[in-house]
Amino acid sequence: MKGPWKPKCCRCWRLGIPPMWLVISGAIGIQLGYGFYPIFVKKFATEKSTNPFIFGLYRILGSFPVLVLCTFVAERKMPIPGLKMTLVLMVLGFTGTFISQVAYVAAIYKVGPSISSAMQPIVAVWTAILAIATCTEKLSSPKMLHTWMKLLGIILVSGGAIEIGLTGLRGGNKDTDSNNVGDQLLGYFFLFVNTFATAIFIVVQKRFVSNKRDSLWRERPVAISTYSALFGILFSIPVYIYFIATGKTDEFIIPLESIFALEYGVFISSACCIMLSMWVILHAPATLAAAFWPLQVPIAVVGSYLVVGEKLVPWVCTEPCM
């Protein structure tokens, strides 16, 4: 076989289009992988004083060889991108692989896993705004019901995020050892960077890859994931240089107890979830692909209660209901 591997189990697959139920299942699987990640970071990394930035960079570095192997297994070869596609892959690598992942890990250290996951539905808000603003998706006629439902969803999720942030600042964050308001504000800033960068990642891939019907890259989601990881590594080099130049080489040592969380981050929340994200965005509208992000919240909140022993706080669960 010279081209990407495709199952032939039904007519839609033979036409190169997966059934929608499988696309939705993939979107749910992504949120399962992402939802458990902050729990493992809190349990095995945060409590072991592992540097969050180094931990996030190791996660990117470790996922690259896994993605390379998956590319050759699933798609048989690694295509060489042209100049325009290289620029697109650089943006995907910076937003989806580098800055969003590192910012998310840093946010977990500052505000804890429950709140970090509770803010993830904002990805759907940013995605909808960017997709409409860049004409990646057209806003339907105001007379149509689903247009008003989409706008209502944006308002409710934004309100839920504001509620979570203000309540956490007023009452103190029980998910983390630090009750310093400055640290919590920094954590919320990291979450803003994380969610906005993720939305850019979704919209850019949809606009410049998925919407290009004659593009070779439409059939190479794993290769796109691999190049994104490669550029994520390249963008992380200045961070490594900074730690070396400032004599903080001890930060590169990962405690043995944190290896499990790192392995989960490499194989599940990086390699598997990035590949699934590329595939889902290819076959679904950008807003639909982002609409499943609220599923992270109940997974992380309940998982934090069961695994880490955090208290179940009702206001954290309000946003996914919205």
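Analysis parameters
- Residues numbered from 1 in each chain as written.
- Predicted model: local features only at pLDDT ≥ 70, side-chain atom pairs only at ≥ 80, totals over all residues.
- Heavy atoms only, no water.
- Helix = DSSP H or I, 4+ residues; strand = E, 2+ residues; numbered from the N terminus.
- Expected span 1.5 Å × (residues − 1).
- Bend = angle between axes of the 7 residues up to and from the residue.
- Disulfide = S-S within 2.5 Å.
- Axes fitted to C-alpha atoms, helices over the stretch in contact; angles between N-to-C directions.
- Parallel < 35°, antiparallel > 145°, perpendicular 65-115°, else oblique.
- Left-handed = near helix turned anticlockwise from the far one by under 90°.
- Contact = heavy atoms within 4.5 Å.
- Nonpolar A, V, L, I, M, F, W, Y, C, P; charged D, E, K, R; others polar.

Chemist: I tried to follow helix α4 (residues 83–111) on my own but got confused; where do I start?
Modeler: Structural remark: α-helix, 3.6 residues per turn; residues separated by three or four positions point the same way. In this model α4 runs 40 Å from its N-terminal to its C-terminal C-alpha over 29 residues, within 8% of the 42 Å that 1.5 Å per residue would give. Roughly 35° is the biggest bend found in α4, and it falls at Ser100. Gly112 sits one or two positions beyond α4 and adopts a positive phi of about 90°.

Chemist: Explain the state of the cysteines here, please?
Modeler: Here, the word disulfide means a covalent bond between the sulfur atoms of two cysteines. Applying the stated criterion to the full structure yields zero disulfides. This cysteine, Cys70, is not joined by any disulfide, and Cys272 carries the nearest cysteine sulfur, 7.0 Å off.

Chemist: Which parts of the structure should I look at to understand the packing of α4 against helix α9 (residues 221–245)?
Modeler: Any two packed helices are characterised by the angle at which their axes cross and by the distance between the axes. α9 packs onto α4 with a crossing angle of 70° between their chain directions and a minimal axis gap of 7 Å. Considering their axes alone, α4 and α9 lie roughly perpendicular with respect to each other. At the point where α4 passes α9, the crossing takes the right-handed sense. Along the contact surface, α4 presents Thr86, Leu89, Met90, Leu92, Gly93, Phe94, Thr97 and Phe98, while α9 presents Ile224, Tyr227, Ser228, Ala229, Phe231, Gly232, Phe235, Ser236 and Val239. Broken down by class, the residue content of the contact of α4 with α9 amounts to 11 nonpolar, six polar and no charged.

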